[in-house]
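Results of the structural survey
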Amino acid sequence: IDEWSSILPFEVEFFECKHRYPIHYVGNPTMDEVTAFQAACSETPDEFRLANGLSSKPIIALLAGSRKQEIKDNLPDMIRAAASFPDYQLVLAGAPGISPEYYKEYVGNSDVKIIFNRTYPLLRQAEAALLRVPQAVCYHTPIGKVIAFLKRHVLKVKYISLVNLIADREVVKELVADTMTVEQVRAELRRILYDGEYRRQMLSGYDYMASRLGEAGAPGRAAKEKVALLEKSFKK
């Protein structure tokens, strides 16, 4: 391989600057997905609520991961933290391949609505980053104190969320390992819901992250680069 195309801007510095490997950032296909969704979706909040059996309360969206272990570890504490805000309704985005019965093991009798195959519309109505939804990133890990120590002293990656990795700064709060507690998640939700300046700063960080991702059209740019490289190699 002579050159490589990347869909994440921070990979350029890693491969090109640190390892002298030719790489080109072509943009991220998620921009195409979100742009297409926003252009096509005209559903109003009332229509979304009616179609999914929701009340008129504002929504806190819960995204607990796509793997069973993630759901098992994260969802119960997420529900306990979010349930502290009775003026909001909790809506869980169901992941593909996960059955409603599996979710019910961890939702229990809590007042949480599960919606499948509608994550973008849910986030749009909940008011992640490219859809400008204020969020907290939380992730439970076993032996949390050990993982936290390794993160501080061994791991070279500063963040775990793509929002922060792309922006190269903490745009959204990361509650991971020993900081992933019901109390910490609840406190972060309180800031997101009621601190207007905190929300404004987060949304400004989203704008910066989006500017780093660039415009839609990543697949087309990647294809053009490959065609140009092939033409160049044939001319040699």
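A brief report on the enclosed structure follows. (Residues numbered from 1 in each chain as written. Predicted model: local features only at pLDDT ≥ 70, side-chain atom pairs only at ≥ 80, totals over all residues. Heavy atoms only, no water.)

**Topic: the overall build of the chain**
This is how it is decided: By the criteria applied, helices consist of DSSP H or I runs no shorter than four residues and strands consist of E runs no shorter than two, each listed in order from the N terminus. Accessibility here uses a 1.4 Å probe with only protein chains present; expressed as a share of the type maximum, an area under 20% marks a residue as buried, one over 50% as exposed, and anything in between as partly exposed. The protein chains shown are the only cover counted for residues, whose accessible areas, like all others here, come from Shrake-Rupley with a 1.4 Å probe. Residues counted as positive are Lys and Arg, residues counted as negative are Asp and Glu, and His and the chain ends are not counted. For the purpose of locating charges, the reference atoms are NZ of Lys, CZ of Arg, CG of Asp and CD of Glu.
Looking only at helices and strands, one finds 11 helices and 7 strands in the chain. Taking the principal axes of its C-alpha atoms as reference, the chain extends roughly 70 × 45 × 40 Å. Here the chain holds 236 residues, and the buried ones make up 39% of them. For the chain, the computed accessible surface area is about 13,900 Å², with 56% contributed by carbon and sulfur atoms. Separation between the mean location of the 32 positive side-chain charges and that of the 30 negative ones in the chain comes to 3 Å.

**Some remarks on the packing of helix H4 (residues 68-82) against helix H5 (residues 100-107)**
Between two packed helices, the angle of one axis relative to the other and the distance separating the axes together describe the packing. The condition that has to hold: Axis lines are fitted through C-alpha atoms, for helices just across the contact stretch, and the angle between N-to-C directions can take any value from 0 to 180 degrees. Orientation labels follow simple angle bins: below 35 degrees gives roughly parallel, above 145 gives roughly antiparallel, 65 to 115 gives roughly perpendicular, and whatever is left gives oblique. In this scheme the handedness of a crossing depends on how the near helix is turned from the far one: anticlockwise by less than a right angle means left-handed, clockwise means right-handed. The contact criterion used is simple: two residues touch if any of their non-hydrogen atoms lie within 4.5 Å.
Viewed as axis vectors pointing N to C, H4 and H5 meet at an angle of 40°, and their least axial separation amounts to 9 Å. Accordingly, the angle class assigned to the pair H4 and H5 is oblique. Relative to H5, the crossing made by H4 is right-handed. Counting all contacts with H4, which are made through Lys68, Gln69, Ile71, Lys72, Leu75, Pro76 and Ile79, the residues of H5 involved are Tyr102, Tyr103, Tyr106 and Val107.

**Some details on the sheet that holds strand S4 (residues 89-94)**
Applied cut-off: Pairing between strands requires that DSSP locate at least two bridges from one strand to the other.
In space, the 3 strands of this open sheet follow the order S3-S4-S5, with parallel pairing throughout. Two strands lie at the open edges of the sheet, namely strand S3 (59-62) and strand S5 (112-116), each paired on one side alone. Neighbour-to-neighbour, the strand axes of this sheet turn through a mean angle of 30°, independent of strand direction. Examined bridge by bridge, S3 and S4 share 4 bridges and lie parallel to one another. Opposite Ala61, over in S4, you have Val91 as the bridge partner. Contacts between H5 and the sheet are confined to S4 and S5, with S5 contributing the most and set at about 155° to the helix.

**Topic: the pattern of salt bridges**
As a reminder, the rule being used: For this analysis, a salt bridge means a side-chain nitrogen from Lys or Arg found within 4 Å of a carboxyl oxygen belonging to Asp or Glu.
A complete count under the given rule lists 5 salt bridges for this structure. A salt bridge links Arg118 to Glu43; the shortest N-O distance between them is 2.9 Å. On the criterion of sequence distance, the pair formed by Arg118 in the loop between S5 and helix H6 (119-125) and Glu43 in the loop between helix H2 (29-40) and helix H3 (45-51) is long-range, its members being 75 residues apart. Under the relative-accessibility criterion, Arg118 is labelled partly exposed at 24%.

**Description of the nonpolar core**
Basically, it comes down to this: Throughout, nonpolar core names a set of buried Ala, Val, Leu, Ile, Met, Phe, Trp, Tyr and Cys residues whose side chains join them through atoms within 4.5 Å.
Counting residues in hydrophobic clusters, the biggest one holds 27 residues, and the most contacted among them are Ile60, Leu62, Leu75, Leu92 and Tyr103. Secondary structure elements with two or more residues in this core: S3, H4, S4, H5, S5 and helix H9 (182-194). Examining the composition of this core, we find that 6 residues originate from one element, H4, more than from any other. If sequence neighbours within four positions are ignored, Leu75 has contacts with Leu62, Ala64, Glu70, Leu92, Tyr103, Tyr106 and Val107. Of all hydrophobic cores here, the second largest spans 15 residues; its members include Val137, Val163, Tyr198 and Leu203.

**A look at the pairing of S5**
Spelled out, the test is: With the strands pointing away from the viewer, any crossover whose connection runs clockwise from the first strand over the helix to the second is right-handed.
Where S4 meets S5, 5 bridges bridge the pair, whose relative direction is parallel. The partner of Gly94 across the bridge, within S5, is Phe116. This β-α-β element, S4 to H5 to S5, shows right-handed connectivity.

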